[in-house]
Amino acid sequence: MRGSRIITALAIVAIAGWAMVPASAAAQEKIIIDGSTTVGPIAKAFAEYYMSMNKDVNITVSESGSGNGAKSLINGMCDVADMSRFMKDSEFQAALEKGRTPVAHVVAVDGLAVIVHPSNPVKGLTVEQIRSIYTGQVTNWKQLGGPDVAIVMISRDTNSGTYETFESLVMNKEKINEKAEYVGSNGAVRQRVQSTPAAIGYVGLGFVDRSVKALEVNGIMPDMNTVSSGIYPIARPLFMFTDGYPKLGSHLYRFVTLYLTPKGQEIIEEIGFVPVTKY
Amino acid sequence: MEDRILEHTRSEIGSRLLMSRGTRRFRRLGALAGNAVLVTIASSSLIALLFIFYFIVRDAIPFFRLEGFREFFTSTRWYPSREEAEFGAAAIFTGSALVTAGAIVVAVPMGVFAALCLSDILPFSLRQVVKPVIEMLAAIPSVVYGFFALVVFAPLLQRQGGSLLSVGALIVLTPLALIGVAVAGDLISARFREQARPAARISSAVILLAVVTYLLFEIHRFLGGLQIASGTNALNASIILGIMALPTVVSVSEDALNSVGRELREGSYALGATRAETLLKVVVPAAKSGILAAVILGVMRAIGETMVVWMASGNAARIPKPWFNLLEPVRTLTATIAGDMGEADQVTGSARYHVLFAMAACLLAFAFIANLVSELIVRRSRKRLG
């Protein structure tokens, strides 16, 4: 009786050990990516494509915000930091203090689309009008040619690159009104706007779909051409930061320069961003 | 004392009769080592708690040293990311208090009545079904609640908020109103003479019913006409938090009601009280302190909840106008800590990093005090009941 129990236990341990061997035998190189929720989809699509081309690399992508991504890179917890804004001076300082040299790679250009509910008749606004909405000067849609409803302002939380871009390009250093609601991601902004007829929000161009309506800003509709040529007023480059320039030919180098290849630019366009070159 | 003498005698006898001195010493050291291991394990949780307290308070003090107390507790302007940062958290404290109060209003009446039903009214077979269902509410992850609140409940409130609120209010108020009418009718007709009583009862019931129907209709019209501009508001968060706190309140209240004991109930019935009188006038007052402890546990559950309020409360750092208007977005302490965590790096922003610890320290202090109060109440009641 006792003998058979020992044999069963040994068998289970042996099978478990054998099951774990294949995973550890293929010594995989790992690339860890963290950062912006805007650049995240690009990183994920790149990772999927790259891993299908190279079986010996394992790439993991997290999206915890540009600030978090920079922090991870500074602390050495990730290899690539996705950021939808450039690194701040203080972040650069911190990195240098820890012995890391952040190098920026511009992988795509993103337009910040101002979105409203599809039922909203307003077609376009100027940057000053958007600013006056978010500072609380304009409180009702009827002041802008819409229905007589109070405007519901949706903004991104202050730890996101999207927020920082909006603050610097639109708000012009003015404070956002205290009534504005804050949500945690581009997807959440879109979800709030598509279910609230009186809402206005801002998302990366890649997040605009049929469920929301993008407004013209200063008369210019955000799309591929206007964003990449810089005509659209609210546009920003999307970055991937690495610690130093990656070694030529390494997996990290090939991953990070995917945006220069035709396939990479195809992926970027599919997601809805604008590739840096016209291929 | 006796035990120790007995043990000592026993070991002495044992050692002299059966064991050598070496074995005796080994046994004693073994017992000592075993005790030491158990004490270490038991105190590890205490040590962990002390560590948490220490590290949070240590990193919260620099904020108060940098910015002082006044702005944090009295100003309502929360702009931590600007160059001239403002750290006024009064609106955030109010937001936390509002959603917690709302959660208590939802959870406590429902919870205490549910506990009463479970312990005294439902037949055993039904109780076997209902209790696990209520406890299943506690097993649902909080992020699932938050997702539901954001994706399903918020649009529902925006589209049909008014009618939802009025239907909910009517469901709660109609039975209460009918009971009130019956009781009031009895009280009024008791003042009349014996012969006039039936007539008095009928006429007072008719008049009261008319008044109550009119009031309920007015409430229905008022609530039905409400337009909720934004579904992610304090009401949304309060209702979901109330549902989350419900299992806690029900479980602890039911324990308190059960611990009252059969003697009290049987004595009350023996004296001729009806079931309602027994429950409302004997059992519930006897279990009062346990129910209060349950309420405090529910409060702690509601105030510490992060995911639901971060997703569904709107995160607007302002005190609603008027302060009890639950239909406006609010921001809570927990959501602020979760939302601002990414940017507030120790390296990049000093006060911005420490203010989050200051908020955490306030939450810890509140939890500590609430726990202490609940413990004192339970201990006092236990002493009184014997």
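Rules and cut-offs
- Residues numbered from 1 in each chain as written.
- Chains lettered and ligands numbered in written order.
- Predicted model: local features only at pLDDT ≥ 70, side-chain atom pairs only at ≥ 80, totals over all residues.
- Contact = placed C-beta atoms within 7 Å.
- Helix = DSSP H or I, 4+ residues; strand = E, 2+ residues; numbered from the N terminus.
- Nonpolar A, V, L, I, M, F, W, Y, C, P; charged D, E, K, R; others polar.
- Domains from an automatic or database assignment.
- Expected span 1.5 Å × (residues − 1).
- Bend = angle between axes of the 7 residues up to and from the residue.
- Pairing = 2+ DSSP bridges.
- Right-handed = clockwise from strand over helix to strand, strands pointing away.

*Asks:* Looking at this model, I keep getting lost on the interface of chain A and chain B. Mind explaining?
*Replies:* The parts lose accessible area when they come together, and the size of an interface is often stated as this lost area. Taken residue by residue, the interface counts 27 residues in chain A and 25 residues in chain B. For the side of chain A that touches chain B, the elements supplying multiple residues, two or more each, are α3 (66-74), α4 (89-97), β7 (181-183) and α7 (186-195) of chain A. Here the side of chain A that touches chain B gets 4 residues from one element, more than from any other, and that element is α3(A). Classifying every residue of the side of chain A that touches chain B by side-chain character gives 7 nonpolar, 11 polar and 9 charged.

*Asks:* Would you explain the domain arrangement of chain B in this entry?
*Replies:* By the assigned domains, chain B splits into domain 1 (2-57) and domain 2 (71-160 + 230-385). Distance from the C-alpha centre of domain 1 of chain B to the C-alpha centre of domain 2 of chain B: 42 Å.

*Asks:* How should helix α4 (residues 90-121) of chain B be read in this particular structure?
*Replies:* Since one α-helical turn is 3.6 residues long, residues separated by three or four positions face the same way. An ideal rise of 1.5 Å per residue puts 46 Å on 32 residues; α4(B) measures up with 45 Å between its terminal C-alpha atoms. Of all bends in α4(B), the biggest is about 25°, found at A107(B), and the proline P109(B) comes one to four residues later.

*Asks:* Which parts of the structure should I look at to understand the pairing of strand β1 (residues 29-35) of chain A?
*Replies:* Two faces make up the sheet, and in a regular strand the side chains alternate between them. Residue and element names in this part refer to chain A. As defined by bridge partners, β1 adjoins strand β2 (residues 57-61) across 5 bridges and the pair is classed as parallel. When the bridges of β2 are listed, I32 appears paired with T60. Taking the sense of rotation as the criterion, the β-α-β connection linking β1, helix α2 (residues 40-53) and β2 turns out right-handed. Looking at chain direction, β1 and strand β3 (residues 80-83) are connected through 3 bridges and run parallel. Its bridge partner lying in β3, I33 is registered against V80.

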